[in-house]
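Now for the letters of each chain:
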Amino acid sequence: MEYLVATMSDRQKTIAKLKGSLYSLSLDELVIRSIDEAEFDVSDMNCLYCDKQKTVIRNKLKTYKEMVNGKEVSIDVTRYPMNVCPSCNAEFDNMDVSLYLQQLIRYEILKALRSRKPIPEKFRFNEIVKM
Ligand SMILES: [Zn+2]
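Quick caveat: nothing in here was measured; it's all calculated off a predicted structure.

Asks: Please give an account of the environment of K54 that cites residues and values.
Replies: Within the fold, K54 resides in strand 2 (residues 54–68). As a C-alpha pair, K54 and S43 span eleven residues in sequence and 7.1 Å in three-dimensional space.

Okay, here's the thing in structure tokens:
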């Protein structure tokens, strides 16, 4: 695992950390489980209100605000994986996932600025977290 991580770019490492946080897995566990299954829809998070009820992951729209050259821009992420309790419907946004995603959005903003392209207003979650 050490060697695998060492050859990854900072952006790829961020994606690995984001995915580990999303599914509450260490990097080793993430790699092992990723080989066995391509997607997970049940998280390892318990609902804060319902006793030991595991949350499930539902795709929602999430909007990020970023300052670019002194101007606030709004970026929508579609199909963002939110932890939802199947019995009381409470939603729990994973703070680590949200922060890593914000970092990935900043990479995309920098990429657009460097290539003098307009900053995208919308990303699909699965596309932005692709290695
Ligand atoms: Zn609940």
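Asks: Can you lay out helix 2 (residues 10–22) for me, pointing to particular residues and giving the numbers?
Replies: Counted at 1.5 Å a residue, the expected span for helix 2 with its 13 residues is 18 Å, and the 18 Å between its end C-alpha atoms agrees. Residues of helix 2 that are buried include every one of I15, A16, L18 and L22, and no others. The buried side chains of helix 2 occupy one side of the element, clustering within an arc of 160° when seen end-on. After helix 2 finishes, the residue S24 shows a positive phi value of roughly 50°.

Asks: Give a description of the pairing of strand 2 that names residues and reports values.
Replies: Note that strand 2 and strand 3 (residues 71–84) share twelve bridges and pair antiparallel. Within the sheet, the bridge partner assigned to R58 lies in strand 3 and is M82. The antiparallel hairpin formed by strand 2 and strand 3 contains two residues in its connecting segment, where N69 sits at a positive phi of about 50°.

Rules and cut-offs
Residues numbered from 1 in each chain as written. Predicted model: local features only at pLDDT ≥ 70, side-chain atom pairs only at ≥ 80, totals over all residues. Helix = DSSP H or I, 4+ residues; strand = E, 2+ residues; numbered from the N terminus. Expected span 1.5 Å × (residues − 1). Buried ≥ 20, exposed ≤ 12 C-beta atoms within 10 Å, placed from the backbone. Arc of directions from axis to C-beta. Pairing = 2+ DSSP bridges.

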